[in-house]
Amino acid sequence: MTKMAFSRIAQRLFPSVLWRGNPILPRVALTFDDGPDPVNTPRLLDVLAKSGIKASFFLQGKNVEHYPEVAAQIAAQAHAIGNHTYNHTHLILKSRRLIYQEIKNGEQVITKSTGSSPRFFRPPYGQMDWRALKIASGMGYQVVIWSALPWDWKAKTPKKIVAATLPCLFNGAIIVLHDRTPELPAALELIIEIGKQRGFSFVSLEQMICSQ
Ligand SMILES: [Zn+2]
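Keep in mind the model is a prediction, meaning the values are calculated, not measured.

Undergrad: Explain the environment of Ala136 here, please?
TA: On the secondary structure map, Ala136 appears in helix α6 (residues 130-138). Ala136 sits in the buried class, given 26 other C-beta atoms within 10 Å. A sequence separation of 23 residues divides Ala136 from Lys159, and the C-alpha atoms of the two residues are 37 Å apart. Residues in contact with Ala136, not counting those within four places in the same chain, are Ile103, Phe121, Tyr141 and Val143.

Have a look at this one:
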């Protein structure tokens, strides 16, 4: 089965999950997973501020615990914040208790650092089963996966990240990148610049949902 066919089936099986924004509007949501990172996240924030755009950060609770000031900085700059569990635990076939605790622990530390509780949840590795989906939804989360994964952590240069990300720019795309990829801040500037030239606007998940 091709990746695309698998994704289509998964989207039908999990209709409450957000996979993509409005396909008519030229809007793209950049999302950054696994942060905050003490060095790279502030660099990403600088690029976003300079470009005047909002993005979304799916934070890992354990990293928020280590770098609460960076999490607070993301919130202060009005980017959307999502919960990515506390330990980045794989959530398939896990007990109710463990799933709940992973989400709750992430939520508590994010809320403490940023002053508000996260509205979005993304399971680690983008993988979850019915049980995890039900628990996250029951806790009030909008579960978000993605429509494009450029594998930025595998690319060794900013140029390669840009080349891998540009084909992911399409109407309503939700793109996953990673705070900890060292070459990402340099690449991000170019991705935004070229994306804007191609007529896309970059929005946070909150902004994307509002435009549905
Ligand atoms: Zn992750």
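Moving on, there is more to tell.
Undergrad: Which parts of the structure should I look at to understand helix α7 (residues 158-165)?
TA: Listing the buried residues of α7 in full gives Pro158, Ile161, Val162 and Thr165. Taken end-on, α7 shows its buried residues confined to a sector of 100 degrees, consistent with a single buried face.

Undergrad: Help me understand the nonpolar core in this model?
TA: Across soluble globular proteins, nonpolar side chains have a tendency to be buried as a group. Counting 52 residues, the largest nonpolar core has Ala29, Leu30, Phe57, Leu59, Ala132, Ala136 and Ile175 as the members making the most contacts within it. When residues of this core are assigned to their parent elements, the largest contribution, 5 residues, is made by helix α8 (residues 184-197). Once you skip the residues sitting within four places of it in the chain, Leu30 turns out to touch Ala55, Ile175, Leu177 and Phe202.

Undergrad: Even after reading the chapter, I still don't get the pairing of strand β1 (residues 27-35), so can you show me in this structure?
TA: Consecutive side chains along a regular strand alternate between the two faces of the sheet. Counting buried positions along β1 yields 8 of 9 residues, so the element is predominantly enclosed. Pairing of β1 with strand β6 (residues 174-178) involves 5 bridges; the strand directions are parallel. Bridging across to β6, Leu30 finds its partner in Ile175. Across 4 bridges, β1 lies against strand β2 (residues 56-59) in parallel orientation. Note on β2: the bridge partner recorded for Gly35 is Leu59. Handedness of the β-α-β unit built from β1, helix α2 (residues 40-51) and β2 comes out right-handed.

Undergrad: Where do I start with helix α5 (residues 96-114) in this structure?
TA: Within an α-helix, residues lying three or four positions from one another point in the same direction, as the helix has 3.6 residues per turn. The end-to-end C-alpha distance of α5, which contains 19 residues, comes to 27 Å, matching closely the 27 Å that a straight helix rising 1.5 Å per residue would cover. For α5, the set of buried residues is Ile99, Glu102, Ile103, Gly106, Glu107, Val109, Ile110, Ser113 and Thr114. Residues of α5 that are buried in the fold lie against β2, α3 (61-66), α4 (68-76), β3 (80-83), β4 (120-121) and α6. Phi for Gly115, located one or two positions after α5, is positive at around 90 degrees.

Undergrad: Can you walk me through the packing of α2 against α8 in this structure?
TA: Where α2 meets α8, the closest approach of the two axes is 9 Å, and the angle between their N-to-C directions is 20 degrees. Relative to α8, the element α2 is oriented roughly parallel. Judged by the sense of rotation from one axis to the other, the crossing of α2 with α8 is right-handed. Facing α2, whose interface residues are Asn40, Arg43, Leu44, Val47 and Ser51, α8 presents Leu184, Pro185, Leu188, Glu189 and Ile192.

Undergrad: Can you help me understand the environment of Trp153 in this one?
TA: Positionally, Trp153 belongs in the loop between β5 (142-143) and α7. Judged by the 16 C-beta atoms lying within 10 Å of it, Trp153 is partly exposed. Once the C-alpha coordinates of Trp153 and Glu206 are considered, the two residues, 53 residues apart in sequence, prove to be 26 Å apart.

Undergrad: Sorry if this is basic, but what is going on with unusual backbone geometry here?
TA: Leaving glycine aside, a negative phi is the common case for residues, and trans is the common case for peptide bonds. For the peptide bond that leads from Gly35 to Pro36, omega is 0 degrees, which places it in the cis range. Mapped onto the elements, Pro36 comes out in the loop between β1 and α2. Residues other than glycine seldom take positive phi values, yet His88 does so here, at roughly 60 degrees. Relative to the assigned elements, His88 resides in the loop between β3 and α5.

Cut-offs and rules
Residues numbered from 1 in each chain as written. Predicted model: local features only at pLDDT ≥ 70, side-chain atom pairs only at ≥ 80, totals over all residues. Helix = DSSP H or I, 4+ residues; strand = E, 2+ residues; numbered from the N terminus. Buried ≥ 20, exposed ≤ 12 C-beta atoms within 10 Å, placed from the backbone. Contact = placed C-beta atoms within 7 Å. Arc of directions from axis to C-beta. Core = buried A, V, L, I, M, F, W, Y, C linked by C-beta atoms within 7 Å. Pairing = 2+ DSSP bridges. Right-handed = clockwise from strand over helix to strand, strands pointing away. Expected span 1.5 Å × (residues − 1). Axes fitted to C-alpha atoms, helices over the stretch in contact; angles between N-to-C directions. Parallel < 35°, antiparallel > 145°, perpendicular 65-115°, else oblique. Left-handed = near helix turned anticlockwise from the far one by under 90°.

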